[in-house]
Structures are given as structure tokens and as C-alpha cells.
Amino acid sequence: MFDKSRELFEEAKKYIAGGVNSPVRAFKNVGRHPLFIKKAKGSKIYDEDGNEFIDYVNSWGPAILGHADDEVINKTKDALDNGFSFGAPTILETELAKRIVRAFDSIEIVRFVNSGTEAAMSAIRLARGFTSRDNILKFNGCYHGHSDSLLVGAGSGSSTFGIPSSKGVPVDFAKHTILAEFNDLDGVEEIFKKHGDTIAAVIIEPVAGNMGVIKPKDGFLKGLRSICDKHGSLLIFDEVMTGFRLTYGGAQHIYNITPDITVLGKVVGGGFPVACFGAKREIMKYLAPEGDVYQAGTLSGNPVAMACGIATLDILKRKNPYKDLEKNTSKIVSRIMGLANQYGIPASGESIGSMFSVFFMENKPSNYRDVQKSNLRLFTNYFIGLLERGIYIPPSQFESNFITIKHSLEDIENTLVAVEDIFKEIASGKFYV
Ligand SMILES: *Cc1c(COP(=O)(O)O)cnc(C)c1O
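Residues numbered from 1 in each chain as written. Predicted model: local features only at pLDDT ≥ 70, side-chain atom pairs only at ≥ 80, totals over all residues. Heavy atoms only, no water.

Asker: Any chance you could break down the overall build of the protein chain for me, citing the residues and the numbers?
Answerer: Broken down by element type, the protein chain carries 15 helices and 14 strands. For 433 residues, the compact-globule estimate of 2.2 N^0.38 gives 22 Å, and the C-alpha radius of gyration of the protein chain, at 21 Å, lies within 12% of that figure. The burial tally for the protein chain puts 58% of its 433 residues in the buried class. Taking the intrachain contacts of the protein chain between residues at least 6 apart in sequence as the baseline, contacts between residues at least 24 apart amount to 73%. (Helix = DSSP H or I, 4+ residues; strand = E, 2+ residues; numbered from the N terminus. Rg over C-alpha atoms; globule rule 2.2 N^0.38 Å. Buried < 20%, exposed > 50% of the residue type's maximum accessible area, 1.4 Å probe, protein only. Contact = heavy atoms within 4.5 Å.)

Asker: Before we move on, could you go through the packing of aromatic side chains and cite the residues and values that matter?
Answerer: Applying the stated rule across the entire model yields 17 aromatic pairs. Seen in terms of ring centroids, Phe 104 and Phe 244 are 5.4 Å apart; in terms of plane orientation they differ by 75 degrees. Their pairing is edge-to-face. A residue pair is termed long-range when its members are at least 10 positions apart, and Phe 104 in the loop between helix H3 (91–103) and strand E4 (109–113) and Phe 244 in the loop between strand E8 (234–238) and helix H9 (250–255) qualify at 140 residues. Residues Phe 104 and Phe 244 agree in their burial class; the two are buried. Here the aromatic rings of Phe 379 and Phe 383 are separated by 6.4 Å at their centres, their planes lie at 25 degrees, and the arrangement is stacked. Remark: Phe 383 and Phe 379 occur in helix H14 (residues 376–388); sequence separation between them is four residues, near one turn of the helix. (Phe/Tyr/Trp six-rings, centres within 6.5 Å; stacked < 30°, edge-to-face > 60°.)

Asker: Which residues make up the sheet that holds strand E12 (residues 355–359), and what are the values?
Answerer: Within the open sheet, the three strands sit side by side as E11-E12-E14. Their pairing is antiparallel. Bordering the open sheet on either side are strand E11 (348–352) and strand E14 (401–402), each of which pairs with just one other strand. Here five bridges tie E11 to E12, and the two strands are oriented antiparallel to one another. When the bridges of E12 are listed, Ile 352 appears paired with Met 355. (Pairing = 2+ DSSP bridges.)

Asker: Lay out the sheet that holds strand E3 (residues 52–55) with the relevant residues and their values.
Answerer: Ordered in space as E1-E2-E3-E13, the four strands form an open sheet in which the pairing is mixed. Pairing within the sheet leaves two strands with one partner each, and these edge strands are strand E1 (37–41) and strand E13 (391–392). Sheet topology places E3 next to E13; two bridges connect them, and they run parallel. Note that in E13 the partner of Ile 54 across the bridge is Ile 391.

Asker: Give a detailed account of helix H15 (residues 409–427), specifying residues and quantitative values.
Answerer: If you check H15, its first and last C-alpha atoms are 27 Å apart, about what 19 residues at 1.5 Å a residue would give, namely 27 Å. Those residues of H15 that sit buried are Asp 411, Ile 412, Thr 415, Leu 416, Ala 418, Val 419, Ile 422, Phe 423, Glu 425 and Ile 426. On its buried face, H15 is in contact with strand E2 (44–47), E3, helix H12 (322–343), H14 and E13. Downstream of H15 by one or two residues, Gly 429 has phi in the positive range, about 90 degrees. (Expected span 1.5 Å × (residues − 1).)

Dropping the structure here:
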């Protein structure tokens, strides 16, 4: 079923580090080789062996409209025809910026970059420049890209591989990053009692997606807001995953908290390499060329990428699909939980907006420590079982699944049929690994 992908992976490994350009793509922790994707449309992706899959990865978040939306393609092609990189300002940058500023009350000014990693890294530098402080506080299991300061206790690929931080990150850099546990406000308070006047910023995924989906407990984000205010630290919401996905205004709109700096990526570029960070003018003016915090990018604000972002946001604004997405997502999760219960599989589910996770553990996790208790053998069997039945989910327990506006009721029913089949097999003692 996957022979061609296996061959293509062997070939790729001769030329590309580990055969992939981002580690989780390798399927390493589920003991498989990756599928080489030929094309995608709507809720489906197609691999080089000719298999069709219902896609719950959706480029790890950007494809909220489903793949290759016709309107987005046409508008992006129009931009392409005008030339694709000038290294000089275009109207398209201002147009995308306006849409972001209108969507987020916390943002008056933005700066575009090419990846979430860059955006989070630059937001941290800006916070350090603004406060003249060096330390930052992040949460165990939250992922903010792979820059040195932030690759400490990071989720996503790194929690999957069980490396708390990466080789090659100097201890001298990592020591400026203080770790706290998600949803543990007392722990944060303790840290601030000791180090409050040295902390430039607290950075958090307001809804965690990179250790699987974990929601903030009541009062947690509000507590962080008031601790930051009390100590003159900035609060950074990394909404690379949640921005324009949970609502048009991100998680901050749902929880009604105003961060000082917001980091966006993924959906904001509609699948092209776009990310940004934004804040009120008094903070953003510290950035070069106005201020002394340096940040730059040859391809930043690329016109084709901007056009794709604009087209994507305009459709979201016009269709306002968020209620329907939420309804479909909670339906999938509650039905899967029903099946797990029926077949005696230890599982818990979490969902918000169009993000969801199925954890193979009885109780819903509330932080990174909890999520480590998940049964990874069950997850791996679930993953392989789904793949062989034409359902493509992230190859890791510690990731969010995504649905798009193109996922039909039929897609959802077909997914549930596959899930039931797998749970039935597991209950009868049949495992793939
Ligand atoms: C994906 C992600 C990033 C990193 O973005 P890249 O574009 O992969 O560099 C940062 N923060 C969060 C919350 C993310 O989900």
C-alpha cells in the first residue's frame, strides 16, 4: 500500500537530513516511514502510491479552508503573475496587516516574518529590548519554534523524542529560560516571587496544542495577566496555532485576555510561509528601523504569500465558519469517546474550535506531566490502523488534529467507522505493534 513512499523516502534520505525537512514528518516514533504526498484537495490528500486519505493534519494547522481552495488559488495566482519577490514594500503587506489589526484588539502594529519560529524568537527579543530584562518564563510542553531561548521544555517534536532541550543550545542561553507547569498558577507565582524583576516576558500557548490539546483552567490566563502587570513583565500569547483558527480573533478573544504581544503564523498565511508578531505601538516602536531592537528578513512579507493570507482571511471573515467547525469537532470527539467506552479503551478527548486530541489515558491531562502518562502503544496502533483505513492524523500523541470547513458529515462518519473497527480489534487483542 505504501511501497512507493518507502522508496521515495530512501531516495530522499540520500540528500536531505533524515529524509525530511521537519522531524515530526518522519513518522519515526510510530515506527513507520512517511508518506510522500502528491496532491491535496478539500478534506483529502493523495500520496504517491495513489492512496486517498481524509486529512486531519492539514499542513499542521494552516489549511482551515481545506486544501487548495479555488478562490485562494486564483487570488494567489494573480499575485504570482505580477512577480514574486521585490525586497521592497507592497500594498499586499499593508492589506494583510490591516486585517490582523482589525481582528485582534491587542494589536496595533505588526511585523511579518516567514515562520512561527522567527516570529516567537523576535517577540522575545522585542520583550527583552522593551523591558531591559533578560529572563523569560515558558511552560513545559509549550512549543514556540526552535530558537535557542525557546527550545527548553518544548513540546511537539521535541516532547515526542523525549529530549527536554536540544544539543547545540548553550547552557548559557537556556539558563535565561525559566520553566513552569501549564495550568499551575501557584508555581508561576513562586517563580515571580524570586525572579519577578528579572523576567522580561511570560510566553504561552493560551490553548496548548503542542502537547496535544490542553485548555487553560478557569482563571489561569487571567492570573498570568495580573502577575505580569504586577511585575512589569510582558505577556506574550503564541497564537501561531490558535490565531484565526479558534475564532477570527484567536484564543484571546475566547478567554477575553489582552496579551502585550501576540505571535501568529499557520492560518495567517493560508499555507504559505507567513508569520508575524504584533502589539500596541508603544511596544512595536522599539523595533528597527524606529527603535533599537534589530529584526529583518529578505523574503518577509513576500507578495505571493501575502495574497494567499489575504484570500484565506477574507473567506474566513465572510463565511464565519467557527461555530460549525466547533460543532463538528466536538461531535467527532464525543463519538470517539463513546466508542472507546464501548470497547473498554482507556481514552480521554479534548477539543476546542476545530482542534482536538484523543489521549490514550483515562483522565484528561491538564499539563505536560499528565500527558506523559498516555499509553503510546495504543496511540501507535490507533495511528497505523487509521492510516491503513485511509485516515491521516498526526503521527504523534502530542499533537492537535484539525478539521477544516471542507470536512463533510460523510468524512466524519467514515472516520468513525474506521475508529470503531480499530477499537474492536484492539479490544480483541489484535495489535499492529
Ligand atoms: C507551529 C508553531 C510554532 C512554530 O511555527 P513554525 O512556522 O513551524 O516555525 C510556534 N508556536 C506554535 C504555538 C506553533 O504551533
